[in-house]
Amino acid sequence: MTDPLLPTARQWEKAARGPRGRVYPWGNEPTAAKANTAEAGIDATTPVSRYQSGASPFGAFDMCGNAWEWCSTEEEPGNGRYHLKGSAFTSPFERAAPSLLNTAAATMKTTTRDSAALLHRRTPDYAAA
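Cut-offs used in this document
Residues numbered from 1 in each chain as written. Predicted model: local features only at pLDDT ≥ 70, side-chain atom pairs only at ≥ 80, totals over all residues. Heavy atoms only, no water. Buried < 20%, exposed > 50% of the residue type's maximum accessible area, 1.4 Å probe, protein only. Helix = DSSP H or I, 4+ residues; strand = E, 2+ residues; numbered from the N terminus. Arc of directions from axis to C-beta. Contact = heavy atoms within 4.5 Å. pLDDT = per-residue confidence, 0-100. Polar contact = N/O pair within 3.5 Å; in protein donor to acceptor, adjacent residues only side chain to side chain. Pairing = 2+ DSSP bridges.

> How should helix 1 (residues 9-17) be read in this particular structure?
An α-helical segment advances 3.6 residues per turn. Residues three or four places apart therefore align on the same side. Those residues of helix 1 not exposed but buried are A9, W12, E13, A16 and R17. For helix 1, the arc enclosing every buried residue in end-on projection is 115°, short of the 170-degree limit, so these residues lie on one face. Where helix 1 is buried, its residues touch strand 1 (69-74) and strand 2 (81-85). Positive backbone phi, at 80°, marks G18, one or two positions downstream of helix 1.

> I keep staring at the confidence of the model for the protein chain and nothing clicks. Help me out?
Should the pLDDT be low somewhere, the predicted coordinates at that spot are not to be read in detail. Of the residues in the protein chain, 81% reach a pLDDT of 70 or more, and the chain-wide mean stands at 85. The secondary structure element of the protein chain with the lowest average pLDDT is strand 4 (residues 120-122), at 44, and the one with the highest is helix 1, at 96. Contacts for the low-pLDDT stretch residues 112-129, under 50 throughout, to residues beyond four places or in other chains number 34 contacts.

> I keep staring at the environment of P98 and nothing clicks. Help me out?
Take P98: it is sitting in the loop between strand 2 and strand 3 (101-105). For the pair formed by P98 and A15, sequence separation is 83 residues and the distance between their alpha carbons is 9.6 Å. Ignoring anything within four residues of it in the chain, the contact list for P98 reads W12, E13, A16, R17, V23, Y24, P25, C64 and K85.

> What should I look at first to understand the side chain of E75 in this one?
With respect to the secondary-structure elements, E75 resides in the loop between strand 1 and strand 2. According to the relative accessible area criterion, E75 is buried, its value standing at 18%. Within the structure, E75 has its side chain in polar contact with the side chain of N79 (distance 2.9 Å).

> Help me understand the pairing of strand 1, please; the structure alone is not making it clear to me.
Across a regular strand the side chains alternate sides, sitting on one face of the sheet and then on the other. Of the strand pairs in this sheet, strand 1 and strand 2 are connected by three bridges, and their pairing is antiparallel. Looking at strand 2, one finds that E74 is bridged to Y82. Between strand 1 and strand 2, which pair antiparallel one after the other, the connecting turn spans six residues, and G78 there sits at a positive phi close to 85°.

This is the structure we're talking about:
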């Protein structure tokens, strides 16, 4: 799945958190109203411009919520699982923090709403990378 057009997990996280490593793109305070997560109750994806107050310091939109975003970083070499970032409109807000690690198999083809059940979640150890 290595794709030169996809960012690495570190690149994606830098774009989301900014140069000072904010907890969320907009700052350090959890503000569910700045992202399309389950708490918004929209139950669908939204146009990128909908949550302008949730933009990152680099001007990137929807870095929390709306749709999972694939990264080119493999969880472990050869295991076929890749980092996903940002969470989705079906995800609870607490899973939206850009620093969280979520992975999915490159072969995942499901489009069902419960596809989040296929994900593994844990805190990344970038120091070991």
